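Residues per chain are reported as follows:
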Amino acid sequence: MAKYPFKDIEKKWQQRWEDEHTFRAVEDERFPKEKRRYVLDMFPYPSGAGLHVGHPEGYTATDIYCRYLRMNGYNVLHPMGFDAFGLPAENYAIQTGTHPAVTTYANIDRFRTQIKSLGFSYDWSREVTTCEPEYYKWTQWIFLQLFKKGLAYEAEMPINWCPSCKTGLANEEVKDGHCDRCGTKVVRKRIRQWVLRITAYAERLLADLDTLDWPEPIKLMQRNWIGKSEGATVRFAIADFAASASADAAKSSAPDDQLEIYTTRPDTLFGATYMVLAPEHPLVPQITTAKQRAAVEAYIEEAAAKSDLERTDLAKDKTGVFTGAYAINPVNGARIPIWISDYVLISYGTGAIMAVPAHDSRDWDFAKKFNLPIIQVVAGPDETGPFDREPKACTEAEGVAVNSGQFDGLPTAEFKARISEWLEERGAGKTAVNYKLRDWLFSRQRYWGEPIPVVHCEKCGIVPLPEESLPLTLPEVNSYTPTGTGESPLAAIPEWVNTTCPHCGGPAKRETNTMPQWAGSCWYYLRYLDPKNPAAFADRSKIDYWMPVDLYVGGAEHAVLHLLYSRFWHKVLYDLGLVNTDEPFMRLVNQGMILGEDNQKMSKSRGNVVNPDDIVEKYGADAMRVYEMFMGPLEVSKPWSTAGLVGVSRFLERVWALSERPIAEGPLSPELEKLLHKTIKKVTNDTATLNFNTAISQMMIYSNELAKLESIPLAAWEPFARLIAPYAPHLGEELWSRLRHADSVSRADWPLYREELTHDEEKEIVVQINGKVRSKFSAPAGTSKETLIEMAKTAEKITEWLSGKEIVKSIAVQDKLVSFVVR
RNA sequence: GCGAGAGUGGUGGAACGGCAGACACGCCAGACUUAGGAUCUGGUGCCUUUCGGCGUAAGGGUUCAAGUCCCUUCUCUCGCACCA
């Protein structure tokens, strides 16, 4: 018996598919909308390390699904491309002195070869690469649309700065206070930035999650990230306010002599015993008394020097300084001290809070530390009072109002509504909504990214480049090394930086920041629709033909990065009337991580990395594909096992060996026919629902049964070749062509099953006595419950179990079991 | 701390509330062979000589029946982390 010559077969079919453009997707109007599917993979960032075994996992899953859909009469769009701008290529360029474009394109070539070696059915004619001028022309074009809509603005603000990557980072790119990419501790740095107003879309980004078929944990992560809260803003008058009125109270809409705070618990207003401002709050210098000034200024300086990590994670014990000023509580006229502390964040709400230590644990900690008064204003259902003493513990639970004047006795929810009205009537506050989501820090002080297409003109200010002038291409530089000063390496090229203003023709300087890595991936799924179009990012008719994406498969690590950014851009394009739906990805599936054999995350340092090239070389692409799908459910993490791979490889070898047996004509035995139809049914259902592991298991069961036969009946073999084809496409093609089919099996019809042949005529019925299985017998399918009970009473061993006992209860489940309760 | 998910043989994993462990790996025994990563056949949750008993992280509950539903606890993974 010849071993399965996978190398020859895989090479042969990959060549055929390429030569014959087997998987080219065409906008054929004969396919109605419901017979079209857009199945998308998260495109890879082509690192120097080459493909990782994690990549083919999701790619195999979508490939099987696409092949299945095509065989079921769908027109399928299944493209692939490369996310090619970004820090790793640039860092590598700095280390080695080679141009990032050189390494990037070399990496892309390697990735493309590796991906192709696995036999995926991509339409390669639609390949896109985000670092190509023809591509990033449209990334820049979309940026200009954002700018024109007022959604891109410049700001000088303290940002997350990675001292190692020497660039600013978005909030989403900071994990545990460290750079998501290199792990260096992030520091605060104040520099000029481009920022995208994603917060303008916060509500829609939140609400529209409900319309998406996405994993609940991912939706929850986005909801938490957006972090909507509902409450009220309340204005407190500042007592004896006498400072100059020159302050820029930008954060607050209140007059200078008032302090506006945000709270989600306006029902605890009577319990406010002090106020806290963020150290950066604009009112701080004005209200601070001469006596406190030195202490306050020292504290502000100290806070400014701290990183966010130090202000949050590491410093749960509270610090703060009294300003010397007092505020007047609008509900009861109480005069309460105003403090500053870095536990209040300038970037959230109004940058100021009322502190209710009895009902907020942070305020409680602060009050305890600085010996500030604590007044209980919410009582639990069982509490009877009196409530005139300081409470023993902080409670954040809702309850009934106490110590709250005319509002006493109101439940929390009702109080919230009433007090908001009360405040509004008196002009002292109103209901308000806040989001944790911050605007998206969009510029990077680096070379290898899309140049931001604006100039700075002395006369006209910030002027966008005319759309006709795009792309604004990256110039050559002598050094890619980031300056670390907050300027990108582009700033060192005067002949590029110095330009003329498109508006007035006067001298102007180009923007030298570049876009973050996420920019290109925000809209790549749209470029696949029409990758060569020079006049638009994609022709509207092609957008209408394919969009939205029906299934998007990728890792969960992009939950609040790419997936949020992409939704934002898509909604902007939708508002501009440029796309047909307000969401890009209808269904999302996250594949689990493939761990090393030691159950640890694969990493070079652990030495547990598996290289897909080695696997393809030794066992073939089909074995790799089928093994990765057989490992377990797509969505969960699971460890790699080369022994397990060998098992799958043996399965494919056995299938190959079966194909070398003689073919038999004539009808199938009833048993084999039933197994065939059960197999078609299970593989069909499991493939459609992405439960590939159990589909493969069923094919193994089926092939094990065929292996018992000397010759293989054609009617049993031919459907099997079609079932296995999406999973092991090279083997599938070879089996199909050996059955003398000229056309690719990928264009064959998916086999159909007859439902009645998937049911057994005889069912094994289990007999339970007091919940334990004591016997089994066989009965025709559909036998009535009454008959089953009668049959069960006389079943083997049951008579003994029943003798001398009283049957208290008899339960029968058709085709399944009989259960007796006896005494 | 908060939120989410997950705990099933030696291993990866199956299992509409209805026979726990399909399928595969590994292991054991045997067959065969141009000793291979072979291949084929049979066996393989634990305890027990048998009858049978016990088993899905631990403990409780609902049910004729629980891996599956409910409550409590533990462990692991992921996300968030002073957002008022």
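One can find the structure itself at the top, above this paragraph.
Residues numbered from 1 in each chain as written. Chains lettered and ligands numbered in written order. Predicted model: local features only at pLDDT ≥ 70, side-chain atom pairs only at ≥ 80, totals over all residues. Heavy atoms only, no water.

Asks: Could you give me a rundown of the sheet that holds strand β3 (residues 152–162), with the residues and numbers involved?
Replies: The strand order β4-β3-β7-β17 describes an open sheet built from 4 strands, whose pairing is antiparallel. In this open sheet, the two edge strands, each paired with only one partner strand, are β4 (167–169) and β17 (440–441). Both β3 and strand β7 (residues 187–196) contribute to a ladder of 10 bridges, which runs antiparallel. Residue E154 lies in a different strand from β7, and its bridge partner there is W194. (Pairing = 2+ DSSP bridges. Helix = DSSP H or I, 4+ residues; strand = E, 2+ residues; numbered from the N terminus.)

Asks: So, the nonpolar core: which residues are in play, and what are the values?
Replies: Nonpolar side chains in soluble globular proteins tend to end up buried together. In this structure, F143, W440, W569 and W640 are the most contacted members of the largest nonpolar core, which totals 173 residues. Among residues more than four places away in sequence, those in contact with F143 are A152, W194, L196, F442, I452, P453, V454 and M515. V321, V356, L410 and W422 belong to the second-largest nonpolar core, a separate cluster that totals 35 residues. (Core = buried A, V, L, I, M, F, W, Y, C linked by side-chain atoms within 4.5 Å. Buried < 20%, exposed > 50% of the residue type's maximum accessible area, 1.4 Å probe, protein only. Contact = heavy atoms within 4.5 Å.)

Asks: So what's going on with the pattern of salt bridges? Residues and values would help.
Replies: Under the counting rule described, the total for this entry stands at 48 salt bridges. Notably, a salt bridge pairs E390 with K368, separated by 3.3 Å at the nearest N-O pair. Here E390 is found in the loop between β14 (378–379) and β15 (400–401), whereas its partner K368 is found in helix α11 (residues 361–370), with 22 residues between them in sequence. Taking the shortest distance from any N to any O, the salt bridge between E660 and R738 comes out at 3.7 Å. Placement of the pair is E660 in the loop between α20 (642–659) and β26 (663–664) and R738 in helix α24 (residues 729–738), with a sequence separation of 78 residues. On the accessibility criterion, R738 (37% relative accessible area) is partly exposed. (Salt bridge = Lys/Arg side-chain N within 4 Å of Asp/Glu carboxyl O.)

Asks: Got a sec to walk through the side chain of S443? Specific residues and values, please.
Replies: Looking at where S443 falls in the secondary structure, it is placed in the loop between β17 and β18 (454–457). With relative accessibility at 0%, the residue S443 sits in the buried group. A polar contact of 3.0 Å, which involves the side chain of S443, links it to the side chain of Q193. Other than its neighbours up to four places away in sequence, S443 contacts G168, Q193, W194, I452, N513 and T514. (Polar contact = N/O pair within 3.5 Å; in protein donor to acceptor, adjacent residues only side chain to side chain.)

Asks: Explain empty space enclosed by the protein residue by residue, including any values.
Replies: Any empty space left between the atoms is revealed when a probe the size of a water molecule rolls over them. Applying the stated criterion across every chain, the model contains 1 cavity of 30 Å³ or more. What the largest cavity holds in volume is close to 40 Å³. Lining the largest cavity are E57, E628, M629, G632, P633, L634, K638, L690, F692 and N693. For the lining of the largest cavity, a count of residues per class yields 5 nonpolar, 2 polar and 3 charged. (1 Å grid on protein atoms, 1.4 Å probe; cavity = no way out; pocket = protein on both sides within 12 Å on 5 of 7 lines; lining within 4 Å. Points joined across faces, edges and corners; volume = space filled by probe spheres on them. Nonpolar A, V, L, I, M, F, W, Y, C, P; charged D, E, K, R; others polar.)

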